[in-house]
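One-letter residues, chain by chain:
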Amino acid sequence: MNNLGSSFSFASLGAVSLATLVLAATGCGDDSSSTGGSGGGSADAAADSATGGNAGTGGSGGTSGASGSGGTGGTSGSGGTSGASGSGGVSGASGSGGIDAGVDASADASADAAPDSSVDATTDASGDAALDAAPDAPPAKIYKVLHSVGTANGGEITLSTIDTDGNNLTPVAGMAAQLKAIGIIDMFVSGESPARADRPFRETLFGGIVYRLPGGAHLMPYSKPAPSSDSGLALVEGASAVELIAGSLALAGTDMTTSVAPDGTRAIVQMTGTSPQTLLLRTDGQKFSNNQYSAPITATGTVALGANATYAAGRIWFVDISPGGKRFLNYAPLDGSATGTVVTLPDVGAAKQTWAEPAMTTSADGKKLALLAGTSKTNLDLMVVDTTSAAAVNVTKSAGNYDVPAFASEAGFALSPTGLAAAYTRLNATVRELYVIDTTGTGTPIQINTPARMKATLTDFNNLHWMSDTKLLFVAAAGFDGDLYTFDRTTSTLTNLSKTGAETAAPWGPGTKWWRLRWVAQNDGHAFFTRRDNTASSYDLVGINRATSAIVDVASAVQAISDQNLASGANGRVWLSVGDFNPPYEYGLYSFDQNAPAKATLLFSSALQAVRLGPSPDGSMVSLITSSPQGPRLSAVGSTTASLVQLADKLVRPEYTAWTPDSAALVFSRGTNDTVSQPHYQRLIDSQPTAIGTATGYARVFGVQ
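Residues numbered from 1 in each chain as written. Predicted model: local features only at pLDDT ≥ 70, side-chain atom pairs only at ≥ 80, totals over all residues. Heavy atoms only, no water.

Caption draft 1: Region of the structure containing the overall build of the protein chain. When helices and strands are tallied, the protein chain shows one helix and 50 strands. In the protein chain, of all internal contacts separated by at least 6 residues, the share reaching a separation of at least 24 is 42%. Only carbon and sulfur atoms are counted for the fraction: they give 51% of the accessible area of the protein chain, which is about 28100 Å². (Helix = DSSP H or I, 4+ residues; strand = E, 2+ residues; numbered from the N terminus. Contact = heavy atoms within 4.5 Å. Areas by Shrake-Rupley, 256 points an atom, 1.4 Å probe, with all protein chains shown as cover.)

Pasting the structure below:
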């Protein structure tokens, strides 16, 4: 029989494989016939002193001998697979060269706790190294980073791509060295909640206002360097960027601003100057049949009030301003093949319609559209349009002074999910009234705020939201003091869901909460509201079940909840960073599933608030920024567990942070200040970030692919 003498160590094996090593350690003895020698072991570690036995004495390579010199339970054999003092055991506690043993040459029996998943130990000739170190990290994947390094904030930049290993610096074709002050233009005026990753969202990024599209792309405005006065709009996705349009663009202002389709594939933008016109843009990276990213939807000299444009039935719907100042509803095909067609709206009393308010809303199924139209801003009716046939109905037939919101989603009017009913508010002299009505044009309006149902002190009706074609959800308040109600139009039943006021039954008076509808869940199951306690100034986040009207408390007694501390992933997971309103006043990062809401899970708490939440592409992690003595620090945490990973500090402009597609690393701008920074790359398993390239300046990171 062969023996593995006491001089055996990993250093003498070189590149021997794990399988070879195991064979050498266990094949040295024959447990049925061996009679002695070093390396013997036994099959039963519980035996103390047997010197022979069923399996022979002195077999080297026994399975679990404690210290024998052989036999089934010998006590002094050396070299057992897991022996306490054998030399060369595969996992021996004190032999030199065990695969997973923390040992030294003197065999001092410091038993190792847990084996490694791979042979990755660092050893020396005596075998007494830390043999249980972590396996070597896999080699880093190489990705392309879209970035720029300018000389100052607002200065000219060159938009380039560079690999995460610092190689292949390449200016972006068609956009290099022509950009200035990316993202400083206040471009968009409305958007969905950041809790809906499947919808466009207006956010502050890259130092200005941009639109985040479903899937992570951005529409990004910029201006061109002097002597040009032109502006441009770029589509940025991953490490690619294309110029959609450039020229005399109106990228600011309430009426002239761009709007984006709910699926993120289309947008409109205004051309100003001597030849104003409204253009439809493809924002999905494809071109129209004219081989351009843009196509006109108004005639030259006519512009649309683009901020309120609506997309339904394969068309874009908008109100234009004709050279004579009249305003009409139009629609145009989304393929860019034609300019707008004017919709003939019904008369208002005996007068022809010559005025349309730009705020519009559509039914959830997209088959109906509602807007206010008439002869002037104070002489309007509620019109409902079939988005397939463009046939329109005057629903109210009572021209007057209706509430005219900046956006239909904020207040004023709303359509039920299939457009069978509408809700609207109207000013009767100085008294505001709330109504529901069917949209056939033959129905009789039902007033909700009658004296039997509500006291005259309730003067504000907002956050109109249909839960079904029969049940309306809304807030009735006196200023900010309100309650949440439902009204069933088929039974004329009013229900106070929250009952925070003094009354216990109708007629209801003011409540003590300020309610704001924030978003509707991806699966349409819940409507989420923020609820402010006006007596304590604390906030709650609640979900309203759209089928049962039950209220689910998601986060309670916290500080103000804003879009800046919300984020969501494509799977419906939502993260909320918010401070406790009560002592110890710590900030917490919470997580919950908006499609099945319950009390949010606290992932971690800190004296510092986490900001700039960035979900990873696979939804398993979220990046965040906190303060540190060395400047903003980047960290990441699991989506449902408190597995906080602290990464780099000294971040410059933390909004310049992007995940790699595999959700394993982040790319960000880092340096001593705005003007001395450069892109960096760090995997979640790395202890330190790595600088990308050699250029330093005012660095921005726009995307990775």
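Caption draft 2: Inspection of the pattern of salt bridges at higher detail. Considering all chains together, one arrives at 17 salt bridges under this definition. The residue R199 makes a salt bridge to D198 at a minimum N-O spacing of 3.8 Å. Look at D198 and you get partly exposed, because its relative accessible area is 27%. Residues D460 and R432 are paired through a salt bridge, measuring 3.7 Å at the closest nitrogen-oxygen approach. (Salt bridge = Lys/Arg side-chain N within 4 Å of Asp/Glu carboxyl O. Buried < 20%, exposed > 50% of the residue type's maximum accessible area, 1.4 Å probe, protein only.)

Caption draft 3: Just the sheet that holds strand β46 (residues 657-659), in detail. One open sheet holds the four strands; their spatial order is β46-β47-β48-β49, and the pairing between them is antiparallel. Either end of the sheet is taken by a strand with one partner, and the two such strands are β46 and β49 (690-691). (Pairing = 2+ DSSP bridges.)

Caption draft 4: Fine view of the confidence of the model for the protein chain. When pLDDT is averaged along the protein chain, the result is 77, and 73% of the positions lie at 70 or above. Across the protein chain, the element-wise mean pLDDT spans from 30 in helix α1 (residues 18-26) up to 98 in strand β33 (residues 493-496). Contacts for the low-pLDDT stretch residues 1-132, under 50 throughout, to residues beyond four places or in other chains number 253 contacts. With pLDDT under 50 throughout, residues 181-191 is counted as low confidence; its partners more than four residues away or in other chains account for 53 contacts. (pLDDT = per-residue confidence, 0-100.)

Caption draft 5: Focus on the sheet that holds strand β41 (residues 601-606). One open sheet holds the four strands; their spatial order is β38-β39-β40-β41, and the pairing between them is antiparallel. For this open sheet the edge positions go to β38 (566-568) and β41, each flanked by a neighbour on one side alone. Strand-to-strand twist across the sheet, computed as the mean angle between neighbouring axes with direction ignored, equals 15°. With three bridges connecting them, β38 and strand β39 (residues 573-579) associate as antiparallel partners. When the sheet's bridge partners are listed, S568 is paired in β39 with V574. (Axes fitted to C-alpha atoms, helices over the stretch in contact; angles between N-to-C directions.)

Caption draft 6: Quick peek at the environment of A423. The residue A423 is located in strand β27 (residues 421-428) in this model. Here A423 falls in the buried class, since its relative accessible area comes to 0%. Between the C-alpha atom of A423 and that of W466, which follows or precedes it by 43 residues, the distance is 8.5 Å. Other than its neighbours up to four places away in sequence, A423 contacts G412, F413, A414, Y435, V436, L464, W466 and L472.

Caption draft 7: Structural detail: the side chain of T425. Its location among the elements puts T425 in strand β27. If we skip the residues at most four places from it in the chain, T425 touches Y402, D403, G412, R432, E433, L434 and F461.

Caption draft 8: Spatial organisation of the nonpolar core. Counting 18 residues, the largest nonpolar core has I448, M454, L472, F474, Y485 and L494 as its most contacted members. Of all the secondary-structure elements, those providing two or more residues to this core are β27, β28 (431-438), β30 (460-466), β31 (471-478) and β32 (481-488). (Core = buried A, V, L, I, M, F, W, Y, C linked by side-chain atoms within 4.5 Å.)

Caption draft 9: Inspection of the pairing of strand β19 (residues 327-333) at higher detail. Among the seven residues that make up β19, five are buried, leaving the element largely enclosed by the rest of the structure. Of the pairings in the sheet, the one linking strand β18 (residues 315-321) to β19 comprises seven bridges and is antiparallel in character. Following the sheet pairing, W317 is matched in β19 by Y331. Here β18 folds back onto β19, and the loop between the two strands holds five residues, one of which, G325, carries a positive phi near 95°. Pairing geometry for β19 and strand β20 (residues 341-342), over two bridges, is antiparallel. What sits directly across from N330, in β20, is V342.

Caption draft 10: The arrangement of the packing of aromatic side chains in detail. Enumeration over the complete set of coordinates arrives at eight aromatic pairs. Measuring from ring centre to ring centre gives 6.3 Å for W515 and F529, while their planes differ by 80°; the resulting arrangement is edge-to-face. Note that W515 is positioned in strand β34 (residues 513-520) and F529 in strand β35 (residues 526-533), a separation of 14 residues in sequence. Here the aromatic cluster, defined as three or more aromatic residues joined through ring pairs, consists of Y402, Y424 and Y435. Residue placement shows R282 over the ring face of F288; its charged tip is 5.9 Å from the ring centre. Here the basic side chain of R315 rests over the ring of Y331, its NZ or CZ set 4.2 Å away from the ring centre. (Phe/Tyr/Trp six-rings, centres within 6.5 Å; stacked < 30°, edge-to-face > 60°. Lys NZ or Arg CZ within 6 Å of the ring centre and 35° of its normal.)

Caption draft 11: Region of the structure containing unusual backbone geometry. Between A506 and the following residue, P507, the backbone shows a cis peptide bond with an omega angle of 0°. By the element assignment, P507 lies in the loop between β33 and β34. At K397, a position not held by glycine, the phi torsion is positive, near 45°. By the secondary structure assignment, K397 is in the loop between β24 (392-394) and β25 (401-402). The phi angle at Y585 is positive, at roughly 60°, despite the residue not being glycine.

Caption draft 12: Quick look at the pairing of β32. Taking burial as the measure, the eight residues of β32 include seven buried ones, the bulk of the element. Pairing of β31 with β32, which is carried by eight bridges, proceeds in the antiparallel orientation. In the strand pairing of β32, V475 is matched with L484. Hairpin connection, β31 to β32: the antiparallel pair is bridged by two residues, and G479 has positive phi, about 70°. Judged from the four bridges that link them, β32 and β33 form a sheet pairing that is antiparallel. Looking across to β33, one finds that D488 is bridged to T493. Between β32 and β33, which follow one another and run antiparallel, lie four residues, and S492 among them has a positive phi close to 55°.

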